[in-house]
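# Working through the structure, step by step
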Amino acid sequence: MPTITDKPDPARPRPVLSTLSRLAPFLLIGLAAAADSETPAGQRYDRFVVAAPALAAASWGPFGTLMIGVLAVLTEVALALARDGRVGASGASVIAATATVTFAAAYAAGQRVRREHDLALVRSVARTAQQVVLRPLPDRIDGVDLALYYTAAAEQAQIGGDLYEAVRTPFGVRIILGDVQGKGLPAVEMAAALLGSFREVAYDSKDLPALASRLETGLQRYAERASSPDASERFATAVLLEIPDDRPEARLLNCGHPSPVLIQPHGVRMLDPEVPLPPLNLSGLVSSEYRVATVPFGPGDRVLLYTDGVSETRDRDGEFYPLAERLGRWTAEPSARLLDSLRRDLRRYAGKPADDDVAALLAARHVPAGGPSAD
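Just so it is clear, the model here is predicted, and its values are computed rather than measured.

The next subject is the pattern of salt bridges. Per the counting criterion, the structure on display carries 17 salt bridges. In this structure, Arg135 and Glu165 form a salt bridge, with 2.8 Å as the shortest nitrogen-oxygen distance. Residue Arg135 is found in the loop between α4 (89-133) and β2 (140-141), and its partner Glu165 is found in strand β4 (residues 162-169); the two are separated by 30 residues along the sequence. Glu165 sits in the buried class, given a relative accessible area of 1%. Among the ionic pairs, Asp340 bridges to Arg344, the shortest N-O distance being 3.1 Å. On the criterion of helical spacing, the pair formed by Asp340 and Arg344 is a turn pair, its members being four residues apart in helix α9 (residues 335-350). Take Arg344: its relative accessible area is 34%, and that puts it in the partly exposed class. The structure contains a network of salt bridges with shared partners spanning Arg174, Glu242, Arg247, Glu249 and Arg251.

A word on the side chain of Gln264. With respect to the helices, strands and loops of the structure, Gln264 is situated in strand β8 (residues 261-264). At 3.3 Å, the side chain of Gln264 forms a polar contact with the side chain of Asp301. Sequence-distant contacts of Gln264, that is, excluding residues within four places in its chain, are made with Asp301 and Thr331.

Below, the discussion takes up the side chain of Thr75. Here Thr75 shows up in helix α3 (residues 62-84). Using a relative accessible area of 14% as the deciding quantity, one classes Thr75 as buried. Apart from the residues lying within four places of it in its own chain, the contact partners of Thr75 are Ile29 and Ala33.

Turning our eyes to something else, we now look at the confidence of the model for the protein. Residues at a pLDDT of 70 or more form 86% of the protein, whose mean pLDDT is 85. At the level of individual helices and strands, the protein shows its lowest average pLDDT in strand β1 (residues 3-4), which scores 62, and its highest in strand β11 (residues 302-306), which scores 97.

By size, the foremost hydrophobic cluster in this structure holds 57 residues, and its most contacted members are Leu146, Ile175, Ile176, Leu215, Leu240, Leu241 and Leu361. Beyond its immediate sequence surroundings of up to four residues, Leu361 is in contact with Leu137, Leu146, Ala147, Leu148, Tyr164, Ile175, Leu177, Val303, Leu304 and Leu305.

To continue, consider the pairing of β11. Each regular strand carries side chains that alternate between the two faces of the sheet. Along β11, five of the five residues are buried, which leaves the element largely enclosed by surrounding structure. Across the two faces of β11 the burial is the same, with Arg302, Leu304 and Tyr306 and Val303 and Leu305 all buried. As judged from the five bridges shared by β11 and strand β12 (residues 358-365), these two strands associate in the antiparallel manner. Residue pairing in the sheet places Leu305 in a bridge with Leu361 of β12.

Moving on to the environment of Ile263. Structurally, Ile263 can be placed in strand β8. Taking the C-alpha atoms as reference, Ile263 lies 8.1 Å from Gly328; in sequence the two are 65 residues apart. Non-local contacts of Ile263, meaning those with residues more than four positions away in its chain, are made with Val268, Gly300, Asp301, Arg302, Leu304, Leu327, Thr331, Leu338 and Leu362.

What follows deals with unusual backbone geometry. A negative phi angle characterises most non-glycine residues, just as the trans form characterises most peptide bonds. Phi is positive for Asp142, close to 55°, though the residue is something other than glycine. By secondary structure assignment, the location of Asp142 is in the loop between β2 and β3 (144-151). According to the relative accessible area criterion, Asp142 is partly exposed, its value standing at 43%. Unusually for a residue other than glycine, Asn281 sits at a positive phi of about 80°. In this fold, Asn281 is placed in the loop between β9 (267-270) and β10 (293-296). On the basis of relative accessible area, Asn281 is assigned to the buried category, the value being 11%.

Reading across the sheet, the five strands line up as β4-β5-β6-β7-β10 and stay open at both edges, with antiparallel pairing between neighbours. For this open sheet the edge positions go to β4 and β10, each flanked by a neighbour on one side alone. On average, each strand axis in the sheet is tilted by 20° relative to the strand beside it, whichever way the strands run. Note: β4 against strand β5 (residues 172-180), eight bridges, orientation antiparallel. Across the sheet, the residue bridging to Glu165 is Ile176, located in β5.

Definitions and limits used
Residues numbered from 1 in each chain as written. Predicted model: local features only at pLDDT ≥ 70, side-chain atom pairs only at ≥ 80, totals over all residues. Heavy atoms only, no water. Salt bridge = Lys/Arg side-chain N within 4 Å of Asp/Glu carboxyl O. Helix = DSSP H or I, 4+ residues; strand = E, 2+ residues; numbered from the N terminus. Buried < 20%, exposed > 50% of the residue type's maximum accessible area, 1.4 Å probe, protein only. Polar contact = N/O pair within 3.5 Å; in protein donor to acceptor, adjacent residues only side chain to side chain. Contact = heavy atoms within 4.5 Å. pLDDT = per-residue confidence, 0-100. Core = buried A, V, L, I, M, F, W, Y, C linked by side-chain atoms within 4.5 Å. Pairing = 2+ DSSP bridges. Axes fitted to C-alpha atoms, helices over the stretch in contact; angles between N-to-C directions.

In structure tokens form, the structure reads like this:
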């Protein structure tokens, strides 16, 4: 499935910066040697060579750092012999300082390499956790095309409190997109519990109200055994979408979530619920009956589900992002390109990286090749 994200892969190498970092110790040694040999007596630059092994520790391993330190010491010896014909007391002190820095830098490089190895393992675990909690969705489930834009706000995070899933059921394609209250590991834990419950009950719940009721029950059971002491007070907003195979319509049940958007070739429409419903895990506090909205949904039509990381993005004046207005400009774009336009426009509008998790999922009626479609 087309998946768009703001975050670069943390494991992706940066060749130019990496090369410059590794060359920096040699450049420092070379420049210091050239300056020392070309300036009058009394103006010494060999002392700058001491910094070379310290620079090496940032990008070289312990052995490489030691070798650069040896090169720095040899350079200082050569400069002292060329300048004075011998290594005097002053030159010896500089060489001793360089040797000391070299050993310290080699130790620091070894620690850095070990931390990088540990961090790589943590990232690998995070990627595996993402595959389990937020597993990739297919490009298409039966006659429904899918496209996703997802990013976690936390630096280097792979997963957050936003969640999504789509499954094929006897009742059609069922999709959930939601947002767990709060951030951090407790939010991820609750998101995992909600997704696990959806994956279990979506196949045999007779309709969306029954599905929502079983999700509510699943969260209540989760709260009873959760490690977080405030799990019973946490809630999750969510939109449930059902696209049946045999009818040109879509059914929506909105539990306190931002309103989905119906995107058609001639325009867009916010699908606001007639009666607002409470978020999941709060229905026991608010007496309410689940209500399903049914909207026409033919070939080429699309529904955008999104979290408040989209709708609550603000500009420098504090104005909320005008989602419907912006989407109206992109109705002719394919789904992946539309979501990429949304991603870039959100970044421009806010003028900074997202400070909240962002998820946006487009579900579209598939149009066979040659059929009329905006997708």
